[in-house]
Amino acid sequence: LKGLTLNFDLVVTDDAIAEIVIDKNTGSILRGRGNGYMGIEINTNGKFEMNGTYIISEGIYEFRNIVNKDFIVQPNGQVIWNGNPFDAFLNIKAIYKTKANPSILLDNIDQRSNRKIDVNLIANITGQLLNSDIDFDVELVNQNSSINSELEFKLSSEDAKMTQFFSLLIANSFIPL
């Protein structure tokens, strides 16, 4: 005997639940449903290869760090395999929705206003599975372009963006810069 080789051609449907560990130290994971076509080759000599694309239709990004929050994974995110299953490429967007009063941060909003508006906290997960990058962003929902431009300007530095992102995530509020 020279060994055994198994080749699988899989059609993955929304019936299956997929789970990917994003950070084993914190326990952050992606869990969801999707579909795609994948080829898997395994043999008794140690070969294990996956090829194909998995398109996410729905899911949760369980962010576990300073605070534990669940982000909603947006449809059409992708996990792409081209050989080594641990070298999968991720391109996923997840959103946590909250409400906050931006008047403490933005000049174009009445400082006396206590009105909270919809804010999306965005996590863009890209790159290799075991070495993925997470880019965080803050987005005001349904606001005029001048308010959005001012927010973009105030959050132009990575430090300012991260400060506001985590303040919103932890306390549902903006803080002065």
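Quick caveat: nothing in here was measured; it's all calculated off a predicted structure.

Rules behind the numbers
- Residues numbered from 1 in each chain as written.
- Predicted model: local features only at pLDDT ≥ 70, side-chain atom pairs only at ≥ 80, totals over all residues.
- Heavy atoms only, no water.
- Helix = DSSP H or I, 4+ residues; strand = E, 2+ residues; numbered from the N terminus.
- Buried < 20%, exposed > 50% of the residue type's maximum accessible area, 1.4 Å probe, protein only.
- Salt bridge = Lys/Arg side-chain N within 4 Å of Asp/Glu carboxyl O.
- Contact = heavy atoms within 4.5 Å.
- Arc of directions from axis to C-beta.

### What to know about unusual backbone geometry
Next up, step 1: One non-glycine residue, asparagine 142, lies in positive phi territory at about 55°.
Next up, step 2: Summarising the element assignment, asparagine 142 is placed in the loop between β9 (131-140) and α1 (145-154).
Next up, step 3: Asparagine 142 sits in the exposed class, given a relative accessible area of 72%.
Next up, step 4: In this model, asparagine 172 sits at a positive phi of 55°, which is unusual for a non-glycine residue.
Next up, step 5: Along the chain, asparagine 172 turns up in the segment after α2 (158-171).
Next up, step 6: On the basis of relative accessibility, which here comes to 29%, the residue asparagine 172 falls in the partly exposed class.

### Brief notes about the pattern of salt bridges
Next up, step 1: Scanning all chains against the criterion turns up nine salt bridges.
Next up, step 2: Between glutamate 41 and lysine 47 there is a salt bridge whose closest N-O contact spans 3.1 Å.
Next up, step 3: The partner of aspartate 118 in a salt bridge is lysine 99, and the shortest N-O contact between them spans 2.7 Å. Of this pair, aspartate 118 sits in strand β8 (residues 117-128) while lysine 99 sits in strand β7 (residues 89-100); the two residues are 19 residues apart in sequence, bridging distant segments of the chain.
Next up, step 4: Since its relative accessible area comes to 46%, lysine 99 is described here as partly exposed.
Next up, step 5: Through salt bridges with shared partners, a single network forms among Glu19, Arg31, Glu62, Arg64 and Asp70.

### Comments concerning the environment of isoleucine 175
Next up, step 1: Relative to the elements of secondary structure, isoleucine 175 occurs in the segment after α2.
Next up, step 2: Linking isoleucine 175 and arginine 31, residues 144 residues apart in sequence, is a C-alpha distance of 32 Å.
Next up, step 3: The residues touching isoleucine 175, leaving out its near neighbours within four places in the chain, are Ile104, Leu105, Thr163, Gln164 and Ser167.

### Quick word on α1
Next up, step 1: Within α1, the full set of buried residues consists of Ile147, Glu150 and Leu151. One side of α1 holds all its buried residues, which, seen down the axis, span an arc of 100°. Exposed side chains of α1 directed beyond 90 degrees from the buried face belong to Ser145, Glu152 and Phe153.
Next up, step 2: Contacts from the buried residues of α1 go to β9.

Purely geometric stuff here, so don't read any function into it on its own.
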